[in-house]
Structures are given as C-alpha cells and as structure tokens.
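The primary structure of each chain is shown beneath.
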Amino acid sequence: MTPHPFRPTTTHPSTSDLALAYAAAAAVATAAAWIILQALHAATTTDLSGSVEPLLLLTRIGVVTTPLTLALRVAGYAALLWLALAAMGERPHFKSLLFRLLLLAPILEAPAAIDALAFLLRNVPTFRDAHVPIGLDLLLPGHQGRLGALLISINAATLAWGAALGWSLHRALGHSRTAAALTALLGWSLVVLLPLLST
C-alpha cells in the first residue's frame, strides 16, 4: 500500500511509489521550465537589453535536463536531512525522506512559473517587470542584488514547503517534534539560500 504523505504510517515507500512520485515531480518541473522558456521567447521581442538571451539558452538546456537536476537536488536534500535526523538520535529512513521530498518538490516550481505566466499575460516590456511578489519583497520592495534575491526567496511557496516538510516528518514518519522542526528548518534554509549563490 502506498504510504500517505502526511498521515502516520509504518509503511515505507516501494520502488514503484518512488518512481511514480519522481515521474509526477519531473513532469511538473519540466512543465514549469517549458512555461518559463515560452515567456523568455516572448521577452526577446520586447526586451532589447540583451539580458534575456543568456537566460534563454540556460532555460533551453534546463528543459532537457530538468529530470536529472530534480533527481540530484532531491537526493541531495534527502541525504542532508537523513544526516540531520540521525545526528539528533532519530532513526530516519532514506527512501521515506526521498518519497516525501518528491511529493513536495512541485511547490517550489510555483514562483518562477507564476512570473512566467504573468509575463505572457501582461503587457510589460521586460521579464523582470512581470515578477509577482509573493514573498518578503512584497513588504520590502525595491531591493536589488543578494538582499533582493533573499527577500524573493522567502515567499509563500518556500514557507509552505518547509511547513509541509516539518508536518510530514513529525506526523507521517513519527520523528519527534523538535527533530522534525529543526530538520525542516535546515531544509527550508537550503531551499532559500542556495539560489543566492547564482546571484
């Protein structure tokens, strides 16, 4: 029986459960990348600054490599969370962590896909002008550089992801409330901070 992502369970996910969860997460991530690609294609006709072309090339590559990068990213997160739980005296199960991270992965695709859809639907000159603030940048607009990227990263999607992860670790996998909260905080911090390395 497939384990429920949030209800308490002693059933570990099977290989087929992992395969289905991965296929669904990869499909969502690839669709989000495709939407972003379409928006960047449209942006080349309105944004004459030349800043879109490098992003367009990277996104074309990203659409093809999305399933691989998703697998590497989720496996890396699962390994780090496993180590964190083990260091706190818990008994984590790697496949269970991997399964739940795959189920939660589509949440993190939402902000970029929303921006891309907004560009396609709005009459704005540049892709950056289409950004839909759903994070701290809504309360503290106008910041650029890494501070601006940090404010954007702390948004409704990453907060929902972190909360769902903590709830799943505690309620579904039976880890202590403290261990689940600290591990979810670690995972959330990685999700928020790692994108800043590219800014």
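This structure is a prediction, so every number in the text was calculated from the model and none was measured.

Student: Please set out the overall build of the chain residue by residue, giving values where relevant.
Tutor: Helix and strand counts for the chain stand at seven helices and zero strands. Burial analysis of the chain (199 residues in total) assigns 39% to the buried set. Surface summary for the chain: the accessible area is close to 10,800 Å², and the carbon and sulfur share equals 70%.

Student: An account of helix H6 (residues 156-172) is needed here, citing residue identities and associated values.
Tutor: A rise of 1.5 Å per residue sets the reference length of H6, with its 17 residues, at 24 Å; its end C-alpha atoms lie 23 Å apart and thus fit the reference within 8%. Buried residues of H6: Ala 157, Thr 158, Trp 161, Gly 162, Ala 164, Leu 165, Gly 166, Ser 168, Leu 169 and Ala 172, and no others. The N-terminus of H6 is capped by Asn 155, whose side-chain oxygen sits 2.9 Å from the backbone nitrogen of Ala 157. Immediately beyond the C-terminal end of H6, within one or two residues, lies Gly 174, with a positive phi of roughly 80°.

Student: How would you sum up the packing of aromatic side chains? Please name residues and give values.
Tutor: A full pass over the atoms with the stated rule returns one aromatic pair. Considering the side-chain rings of Tyr 77 and Trp 161, the 6.3 Å spacing of their centres and the 55° angle between planes classify their relative orientation as tilted. Within this pair, whereas Tyr 77 is found in helix H2 (residues 52-87), its partner Trp 161 is found in helix H6, the two being separated by 84 residues in sequence. Residue class for Trp 161 comes out buried when judged on its relative accessible area of 2%.

Student: Which residues make up the environment of Ser 168, and what values go with them?
Tutor: Inspection of the secondary structure puts Ser 168 in helix H6. Note on Ser 168: relative accessible area 1%, which makes it buried. Sequence separation between Ser 168 and Leu 101 is 67 residues; the distance between their C-alpha atoms is 9.7 Å.

Student: Residues and numbers for a nonpolar patch on the surface, please.
Tutor: Judged by side-chain polarity, Leu 80, Trp 82, Leu 83 and Phe 94 come together as a nonpolar surface patch covering roughly 360 Å² of accessible area. Residue position: Leu 83 is located in helix H2.

Student: I'd like a description of the nonpolar core, backed by residues and values.
Tutor: With 26 residues, the main nonpolar core has Leu 101 and Leu 165 as its most contacted residues. Secondary-structure elements contributing two or more residues to this core are helix H1 (15-43), H2, helix H3 (94-104), H6 and helix H7 (177-193). Setting aside its immediate chain neighbours within four residues, Leu 165 contacts Leu 81, Leu 101, Leu 104 and Ala 184. One finds Ala 33, Ile 36, Leu 40 and Val 63 within the second-largest nonpolar core, a separate group that totals 13 residues.

Student: So what's going on with the packing of H1 against H3? Which residues, and what values?
Tutor: Taken N-terminus to C-terminus, the directions of H1 and H3 make an angle of 25°; their axes are 8 Å apart at the nearest point. When the axis of H1 is compared with that of H3, the two are roughly parallel. Judged by the twist between their axes, the crossing of H1 over H3 is left-handed. Here H1 contributes Thr 15, Asp 17, Leu 18, Ala 21, Tyr 22 and Ala 25 to the contact with H3, which in turn contributes Lys 95, Leu 98, Phe 99, Leu 102 and Leu 103. Looking at the contact of H1 with H3 residue by residue, the classes come out as eight nonpolar, one polar and two charged.

About the cut-offs
- Residues numbered from 1 in each chain as written.
- Predicted model: local features only at pLDDT ≥ 70, side-chain atom pairs only at ≥ 80, totals over all residues.
- Heavy atoms only, no water.
- Helix = DSSP H or I, 4+ residues; strand = E, 2+ residues; numbered from the N terminus.
- Buried < 20%, exposed > 50% of the residue type's maximum accessible area, 1.4 Å probe, protein only.
- Areas by Shrake-Rupley, 256 points an atom, 1.4 Å probe, with all protein chains shown as cover.
- Expected span 1.5 Å × (residues − 1).
- Polar contact = N/O pair within 3.5 Å; in protein donor to acceptor, adjacent residues only side chain to side chain.
- Phe/Tyr/Trp six-rings, centres within 6.5 Å; stacked < 30°, edge-to-face > 60°.
- Patch = residues over 30% accessible without salt bridge, like charges linked within 9 Å, V, L, I, M, F, W, Y side chains within 5 Å.
- Salt bridge = Lys/Arg side-chain N within 4 Å of Asp/Glu carboxyl O.
- Core = buried A, V, L, I, M, F, W, Y, C linked by side-chain atoms within 4.5 Å.
- Contact = heavy atoms within 4.5 Å.
- Axes fitted to C-alpha atoms, helices over the stretch in contact; angles between N-to-C directions.
- Parallel < 35°, antiparallel > 145°, perpendicular 65-115°, else oblique.
- Left-handed = near helix turned anticlockwise from the far one by under 90°.
- Nonpolar A, V, L, I, M, F, W, Y, C, P; charged D, E, K, R; others polar.

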